[in-house]
Amino acid sequence: MKKGFYPRLAHTGIVKNRRFYLPYVITCISMIMMFYILAALPYCPLLMKMRGGEPLKTIFSLGKWVVGIFSFVFLFYTNSFLIRRRSREFGLYNILGMDKSNIGKIIAFESLMIGSIGLMAGLVFGIALYKLAELGLMNVLHEKIDYTLTVSPEALLNTLLVFIPIFLILHFRSLWLVHQARPLELFYNSSMGERPPKANWLIAIPGVIILSVAYYIAVSIESPLSALNMFFVAVVMVIVATYMLFTAGSVTLCRLLQKNKAYYYKKNHFVSVASMVYRMKRNGVGLASICILSTMVLVILSSVMSLYLGEEDSIRLRFPYDISMNVQMEKMSDLREENITRFRREAEEAAAGERAQTEDVSEYCCATLTGLMKDGEMVTDAKTLSSEIHVTSMEEIVVIYILSLEDYNRTQGGNKTLDEHEAMIYCSRMEYENDEIQIANTEKYKIKEVLDEFDEKGFSTATIFPTFYLVVNDFERYVEPMISLKSYNGEPVLGLEWFYGINLGGGEEEEKAVSGRLKKTIKKMEQEGKCRSFAVESREEHRKSFYELYGGLFFIGVMMSLVFLFGTMLIIYYKQVSEGYEDQSRFTVMQKVGMTKRDIRKSINSQVLTVFFAPLLFAGLHLCFAFPLLWKLLQMLNLYNRNLITLVTLGTFCVFALFYSVVYHVTSRGYYAIVSSDM
């Protein structure tokens, strides 16, 4: 054969089948481009100079591998479709005298062309758009912008090391599929239908059960820690159940429609339903894939958008005061007024020394301890805890802050009263349903009132465990018996603290100056033995870290959503195109026996609408049941604005539904163009 014969055949095959190959190549380019951007961002000079940039590097590295894994799975899926569509052409080559090795050479040149185009174009676009991504990231992080264009050798190498093996695997799989098939099988493979799967109820019933259990897990979890433990379990169960239900459901739906004579024996329904019968299994898998990818987009986008839009709320919750100070004391006497006065005076002098205007002051003494809460009794004994704490009981761990009624009324502006052995309680991240409370072996106290509101100190919102604020009348009498409690390493279980929070009327620099001066002063007092330890926090000093975390999550969430959107679009496109070619001969026959083009369009609309809403509606249903779980998870990141999360989730679904409708409308027009091309 002449030199260049196989490359010309490969090029001709790609050009003639550009309807299939163009979306595939665009997807390859997009995946490689996004992988390069995520691989290059950890080496961004601005990010490397940024204080606290390490968590962002970790986030981008994890996102890079998520894109890499998804790229392999998705390109594997689409490559299978392409081989199926080309099998008739390869079968014809085989019948005309080409052996499997000749066909293998054609496939090799096709793989080389597509891989080369994908890698070169993907890297070019990745390098070109990387700067735009970097600028967007710096804008999200509220950082200074540098317009210098850089190329990351490490990212280039990582991209090549990931995608060259992916293209090689796809190539060898294509060779294997062609090698295994006989000539006639290759020739008729693209037009062969499927037998309807049997024993559908054996698939459907377990699918319903698994989905119901996953939904129950999502709506029944109360603590954020449990939500974190069970999130991935519920996700896997939903994915498995979705595939089972769509596979069995497509079978059941077609059979029910066929049994409904009033519906089935109509010209705009008959052909569409009869066509779906012979691809029910593949149809169900495709719809399930669309549903899962749509759900991923909705969950990721609604979560990261909520975090990004609610970052100021989260900062205010974590740092309710401009400056917060927590001083750990050695003994109960250190919490008395004569000792606290010295610390208060130093705080006031620190503000006055920087000429800061103090606007709000909140302070109170409290005792804190951590233990296992069971039926109104808190277990703190080291021996008991070591034997009882395990993964399933972690959600019962709580942190309790005990404070006096006097401090509560002063800080909260209340006028509450309590009798002896009575207490009030405020619960964060967990509900308290018992009438009494007992800590270790101390006396039981009756819960007089469960408080609806309490100004939590920022330190307590940083923990992932539920937090209780317990208000008692005689603070010293109630806390004294707990001082002797010891942990497993002999350290006291009880902590004694004085909290002090102030708001300043100045700006960022003034706040940082007061914070720095206060840290030096209290550090000196700690060295003198006047306290065990201390922590001073400034809202402005920590604002950057919040921007970095939430901005990084937002950025990676948008990138992941774009990847999954590409997947969704390509599956919808290939589903419509492949079904169009499969149905082309059927519509041709029906047109010859009297079916008009108007009837054909109605039939196509019927087929599209029969399956159009299923993935979108199921994705919306999954999102509804996932909302309580997401709400708990976002609480761990200090986002408690439920109205914001609800509005963002609804808005995300509406925008996605509009996008979904546009994609399906465009692809359905392509379906009509295919089935009507021979008419």
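This one's a predicted model, so the numbers in the text were calculated from it and none came from an experiment.

K.L.:
Describe the overall build of the chain, listing the residues and the values that go with them.
P.N.:
What the chain contains, in helices and strands, is 22 helices and ten strands. Summarising the internal contacts of the chain: among those between residues at least 6 apart in sequence, 84% fall at separations of at least 24. A total of about 31,900 Å² of accessible surface is found on the chain, and carbon and sulfur atoms cover 61% of it.

K.L.:
For helix H13 (residues 311–318), give the residues involved together with the corresponding values.
P.N.:
Every buried residue of H13 is accounted for by Glu311, Ser314, Ile315 and Arg318. For H13, the buried positions fall inside an angular range of 100° around the axis, keeping them on one side.

K.L.:
Lay out the pairing of strand S7 (residues 445–450) in plain terms, naming residues and giving numbers.
P.N.:
Pairing analysis gives four bridges linking strand S5 (residues 422–428) to S7, with the strands arranged parallel. Residue pairing across strands places Ala423 opposite Ile447, the latter belonging to S7. Relative to S7, strand S6 (residues 436–439) is paired through two bridges, and the arrangement is antiparallel. Its bridge partner being in S7, Glu436 is matched across the sheet by Lys446. Joining the antiparallel neighbours S6 and S7 is a turn of five residues, in which Ala440 adopts a positive phi near 55°.

K.L.:
So what about helix H1 (residues 5–16)? Which residues, and what values?
P.N.:
The first and last C-alpha atoms of H1 sit 16 Å apart over twelve residues, in line with the 16 Å expected at 1.5 Å per residue. What H1 keeps buried is the set Tyr6, Leu9, Ala10, Gly13 and Ile14. Viewed end-on, H1 has its buried residues packed into an arc of 130°, placing them on one side of the element.

K.L.:
Tell me what's going on with empty space enclosed by the protein, and back it up with residues and numbers.
P.N.:
The full count for this structure, using the stated rule, is three cavities of 30 Å³ or more. By volume, the largest cavity is sized at about 170 Å³. Residue assignment for the lining of the largest cavity shows that the elements contributing at least two residues are helix H2 (18–40), helix H4 (54–95), helix H5 (100–140) and helix H6 (153–180). When its residues are assigned to classes, the lining of the largest cavity shows nine nonpolar, four polar and one charged.

K.L.:
Give me the pattern of salt bridges: which residues, what numbers.
P.N.:
With the rule as written, the count across this model stands at 16 salt bridges. A salt bridge links Glu337 to Arg344; the nearest nitrogen and oxygen atoms lie 3.0 Å apart. Where Arg410 meets Asp407, a salt bridge forms, and the shortest distance between an N and an O atom there is 2.9 Å. One end of the pair, Arg410, and the other, Asp407, are both in helix H16 (residues 405–412), three residues apart, so they sit about a helical turn from each other. Overlapping salt bridges, with partners in common, bring together Glu312, Glu540 and Arg543 in one network.

K.L.:
With reference to specific residues and values, describe the environment of Glu537.
P.N.:
In this fold, Glu537 is placed in strand S10 (residues 533–538). Look at Glu537 and you get buried, because its relative accessible area is 11%. Not counting the four nearest positions on each side in its chain, Glu537 is found in contact with Arg318, Phe319, Asp322, Ile323, Ser324, Phe459 and His542. Within the structure, Glu537 has its side chain in polar contact with the side chain of Arg318 (distance 2.7 Å).

K.L.:
So what about the packing of aromatic side chains? Which residues, and what values?
P.N.:
According to the stated counting rule, one finds 24 aromatic pairs in the structure shown. Ring centres of Phe319 and Phe546 lie 5.9 Å apart, and the angle between their planes is 70°; on these two criteria the pair is classed as edge-to-face. Here Phe319 is found in the loop between H13 and strand S1 (323–329), whereas its partner Phe546 is found in helix H20 (residues 539–592), with 227 residues between them in sequence. Centroid distance Trp631 to Tyr640: 6.4 Å. Interplanar angle 85°. Geometry classified as edge-to-face. One aromatic cluster is present, built from ring pairs that chain together Tyr321, Tyr364, Tyr401, Tyr408, Tyr426, Phe454, Tyr469 and Phe499. A cation sits over an aromatic face here: Arg318 above Phe319, 4.6 Å from the ring centre.

K.L.:
Mind laying out unusual backbone geometry, listing which residues take part and the relevant values?
P.N.:
Residues other than glycine seldom take positive phi values, yet His421 does so here, at roughly 65°. Within the element layout of this structure, His421 appears in the loop between H16 and S5.

K.L.:
Now, about the packing of H2 against H5: what can you tell me, with residues and values included?
P.N.:
Where H2 meets H5, the axes come as close as 7 Å, and the angle between the chain directions of the two elements is 45°. One way to sum up the angle between H2 and H5 is to call them oblique. Considering the relative orientation of H2 and H5, their crossing is right-handed. Of the residues belonging to the contact of H2 with H5, the class tally is 19 nonpolar, three polar and one charged.

K.L.:
Lay out the pairing of S1 with the relevant residues and their values.
P.N.:
Counted residue by residue, S1 has seven buried out of seven residues, so it is predominantly covered. Going residue by residue along S1, you find Ile323, Met325, Val327 and Met329 tucked away on one face and Ser324, Asn326 and Gln328 tucked away on the opposite face as well. Note that S1 and strand S9 (residues 495–504) share seven bridges and pair antiparallel. Bridging across to S9, Asn326 finds its partner in Phe499. With six bridges joining them, S1 and S10 adopt antiparallel strand pairing. Along S10, the bridge assignment pairs Asn326 with Ala535.

K.L.:
Can you lay out the nonpolar core for me, pointing to particular residues and giving the numbers?
P.N.:
Of all hydrophobic cores here, the largest spans 73 residues; its most connected members are Tyr24, Leu38, Leu41 and Phe163. Listing elements by their share of this core, those giving two or more residues are H2, H4, H5, H6, helix H12 (280–309), H20, helix H21 (597–635) and helix H22 (642–675). With 16 residues, H2 is the single largest residue contributor to this core. Formed by 48 residues, the second largest nonpolar core is a distinct cluster that contains Ile340, Ile400, Tyr445 and Val493.

So, how was this worked out
- Residues numbered from 1 in each chain as written.
- Predicted model: local features only at pLDDT ≥ 70, side-chain atom pairs only at ≥ 80, totals over all residues.
- Heavy atoms only, no water.
- Helix = DSSP H or I, 4+ residues; strand = E, 2+ residues; numbered from the N terminus.
- Contact = heavy atoms within 4.5 Å.
- Areas by Shrake-Rupley, 256 points an atom, 1.4 Å probe, with all protein chains shown as cover.
- Buried < 20%, exposed > 50% of the residue type's maximum accessible area, 1.4 Å probe, protein only.
- Arc of directions from axis to C-beta.
- Pairing = 2+ DSSP bridges.
- Expected span 1.5 Å × (residues − 1).
- 1 Å grid on protein atoms, 1.4 Å probe; cavity = no way out; pocket = protein on both sides within 12 Å on 5 of 7 lines; lining within 4 Å.
- Points joined across faces, edges and corners; volume = space filled by probe spheres on them.
- Nonpolar A, V, L, I, M, F, W, Y, C, P; charged D, E, K, R; others polar.
- Salt bridge = Lys/Arg side-chain N within 4 Å of Asp/Glu carboxyl O.
- Polar contact = N/O pair within 3.5 Å; in protein donor to acceptor, adjacent residues only side chain to side chain.
- Phe/Tyr/Trp six-rings, centres within 6.5 Å; stacked < 30°, edge-to-face > 60°.
- Lys NZ or Arg CZ within 6 Å of the ring centre and 35° of its normal.
- Axes fitted to C-alpha atoms, helices over the stretch in contact; angles between N-to-C directions.
- Parallel < 35°, antiparallel > 145°, perpendicular 65-115°, else oblique.
- Left-handed = near helix turned anticlockwise from the far one by under 90°.
- Core = buried A, V, L, I, M, F, W, Y, C linked by side-chain atoms within 4.5 Å.

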